[in-house]
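Next come the chains, spelled out residue by residue.
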Amino acid sequence: MGKLKVGILISGRGSNMAALVEAAQDPAFPAEVRCVLSNRPEAGGLDFARERGIPAVAVDHKAYAAKAEFEAAVTNTLLAHGVDFVCLAGFMRIVSPVFIERWHNRLINIHPSLLPSYKGLHTHERALADGVKLTGCTVHFVRAEMDVGPIVAQAAVPVMTSDTPDSLAARVLTAEHRLYPLAVRLIAEGKARVTSETVDIAPDAVDETARLFSAR
Ligand code: GAR
C-alpha cells in the first residue's frame with residue numbers, strides 16, 4: 001500500500017506542521033507531506049517547509065473576492081501536488097461545507113482542548129477561568145459545525161495552579177506535537193476509521209493512543 005499523500009494547511013507559526021514533517025522524515029512513517037499551504041503569505045511555517053524541500057505555497061485569502069474562489073484555489077493547489085488527505089494545523093479560516101464535503105473523511109484538524117469541551121478560540125483562558133484540572137488536545141475529522149467531528153485521538157494534559165494561558169498553551173502544544181503524528185499514522189495505516197460518525201481504533205492500536213492520555 002502506498003503512503004498517504006498529505007497536504008497541511010497553516011496560517012502562522014506552523015509548529016504542528018513541523019511535527020508532522022519531522023515524523024514523515026522517518027522512512028517507516030506511512031504518510032508523506034506533499035505540500036504546505038498557508039492563507040497568510042508571511043506565515044513562518046512556509047519557510048520551515050521550504051528549508052526541508054517541501055513545496056510551500058501561499059494562497060492569500062485576501063486575493064479572492066469570495067470564499068468559494070479561495071477554497072477552490074486551495075483544493076486545486078492541493079490536487080496539483082497529488083494530495084489525497086488534508087491536515088489543518090493552526091489554519092485560522094473557517095472552512096465551508098463545500099470544502100468539507102469535497103474532502104469528506106479526508107480532512108482532519110487539531111484543536112487545543114478535549115473536545116467537545118472548549119470549542120472555538122481562547123481555549124486555555126476559558127479552561128483556567130473554569131478551574132478545570134485536566135485539559136488537552138484533540139484530532140478530529142472535520143464536519144460542517146466548528147470543532148465537531150469524529151474524534152481520532154486525544155491527549156490529556158494536567159492544569160497546574162500556577163498556570164497562565166501561555167504556560168498552559170505551551171504544555172498542551174507539546175502534547176499536540178505528539179498527538180498529531182500519531183493520529184495521521186493511525187489513519188494512514190487504516191487503524192482509525194470513521195464508522196457511524198465515530199472513529200474505530202484497531203484493537204492493536206488502542207495501547208498507543210492510551211499512552212497519550214497522560215501526555216505531558
Ligand atoms: C495550535 O495550538 C492548534 O491546536 C491551534 O492553533 C495552534 C497553532 O499552532 N488551533 C486552533 O485553535 C484551531 N481552532 P501552530 O501553528 O504552531 O501549529
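To be clear, the structure that these remarks concern was listed above.
Residues numbered from 1 in each chain as written. Predicted model: local features only at pLDDT ≥ 70, side-chain atom pairs only at ≥ 80, totals over all residues. Heavy atoms only, no water.

**Remarks on the pattern of salt bridges**
Logical step 1: This structure, assessed with the given rule, holds nine salt bridges.
Logical step 2: One salt bridge in this structure joins Arg-34 and Glu-32, with 3.5 Å as the shortest N-O distance.
Logical step 3: Linking Glu-51 and Arg-52 is a salt bridge whose minimum nitrogen-to-oxygen distance equals 3.8 Å.
Logical step 4: Residue classification places Arg-52 among the partly exposed positions, given a relative accessible area of 35%.
Logical step 5: Residues joined by salt bridges that share partners form a network here, namely Arg-185, Glu-189, Lys-191 and Asp-204. (Salt bridge = Lys/Arg side-chain N within 4 Å of Asp/Glu carboxyl O. Buried < 20%, exposed > 50% of the residue type's maximum accessible area, 1.4 Å probe, protein only.)

**Comments concerning the nonpolar core**
Logical step 1: Counting 47 residues, the largest nonpolar core has Ile-8, Val-36, Cys-87, Ile-108, Val-152, Tyr-180 and Val-184 as its most contacted members.
Logical step 2: Ranked by the residues each element gives to this core, the list is headed by helix H6 (residues 165-188), at eleven residues.
Logical step 3: Once you skip the residues sitting within four places of it in the chain, Val-36 turns out to touch Ile-8, Ile-10, Met-17, Leu-46, Ala-49, Ile-54, Pro-55, Ala-56 and Val-57.
Logical step 4: By size, the runner-up hydrophobic cluster in this structure holds 18 residues, among which are Val-59, Leu-78, Leu-88 and Phe-91. (Core = buried A, V, L, I, M, F, W, Y, C linked by side-chain atoms within 4.5 Å. Helix = DSSP H or I, 4+ residues; strand = E, 2+ residues; numbered from the N terminus. Contact = heavy atoms within 4.5 Å.)

**Observations regarding the site of the ligand**
Logical step 1: Taken together, Arg-13, Gly-14, Ser-15, Asn-16, Gly-90, Met-92, Ile-110, His-111, Pro-112, Leu-173 and Glu-176 make up the full set of residues adjacent to the ligand.
Logical step 2: A distance of 2.9 Å separates an oxygen atom of the ligand from a polar atom in the backbone of Asn-16.
Logical step 3: Interatomic distance of 2.6 Å between a side-chain N/O atom of Glu-176 and an oxygen atom of the ligand.
Logical step 4: The fraction of the free accessible surface of the ligand (450 Å²) that becomes covered by protein chains is 86%.
Logical step 5: Among the secondary structure elements, those contributing two or more residues to the shell around the ligand are helix H1 (15-24), strand S5 (107-111) and H6. (Near = heavy atom within 4 Å. Polar contact = N/O pair within 3.5 Å; in protein donor to acceptor, adjacent residues only side chain to side chain. Areas by Shrake-Rupley, 256 points an atom, 1.4 Å probe, with all protein chains shown as cover.)

**Observations concerning the packing of aromatic side chains**
Logical step 1: In this structure the tally under the stated criterion is two aromatic pairs.
Logical step 2: Geometrically, the ring pair formed by Tyr-64 and Phe-70 is tilted, given 6.1 Å between the ring centres and 55° between the ring planes.
Logical step 3: With 6.4 Å between their ring centres and 45° between their planes, Phe-99 and Trp-103 make a pair best called tilted.
Logical step 4: Judged by its relative accessible area of 0%, Trp-103 falls in the buried class.
Logical step 5: Lying across the ring of Phe-48, Arg-52 places its NZ or CZ 3.7 Å from the centre.
Logical step 6: Across from the ring centre of Trp-103, 4.7 Å away, lies the NZ or CZ of Arg-102, which sits over that ring. (Phe/Tyr/Trp six-rings, centres within 6.5 Å; stacked < 30°, edge-to-face > 60°. Lys NZ or Arg CZ within 6 Å of the ring centre and 35° of its normal.)

**Re the sheet that holds strand S7 (residues 151-158)**
Logical step 1: Strand order in the open sheet formed by seven strands is S3-S2-S1-S4-S5-S6-S7, with mixed pairing between adjacent strands. What marks the edges here is a single partner per strand, and that holds for strand S3 (56-58) and S7. If you compare each strand with its neighbour and ignore which way they point, the axes differ by 20° on average.
Logical step 2: For strand S1 (residues 4-10) and strand S4 (residues 85-88), the ladder comprises four bridges, and the chain directions are parallel. Paired with Val-6 across the bridge in S4 is Phe-85. (Pairing = 2+ DSSP bridges. Axes fitted to C-alpha atoms, helices over the stretch in contact; angles between N-to-C directions.)

**Observations regarding the packing of H1 against H6**
Logical step 1: Axis separation between H1 and H6 bottoms out at 9 Å; the angle between their running directions is 45°. Judged by the angle between their axes, H1 and H6 are oblique. Every pair of crossing elements has a handedness; the one defined by H1 and H6 is right-handed. Every residue of H6 that contacts H1 at Ser-15, Asn-16, Ala-19, Leu-20 and Ala-23 is listed here: Leu-173, Glu-176, His-177, Tyr-180, Pro-181 and Val-184.
Logical step 2: Within the contact of H1 with H6, the residues separate by chemical class into seven nonpolar, three polar and one charged. (Parallel < 35°, antiparallel > 145°, perpendicular 65-115°, else oblique. Left-handed = near helix turned anticlockwise from the far one by under 90°. Nonpolar A, V, L, I, M, F, W, Y, C, P; charged D, E, K, R; others polar.)

Purely spatial values, then, with no claim about function.
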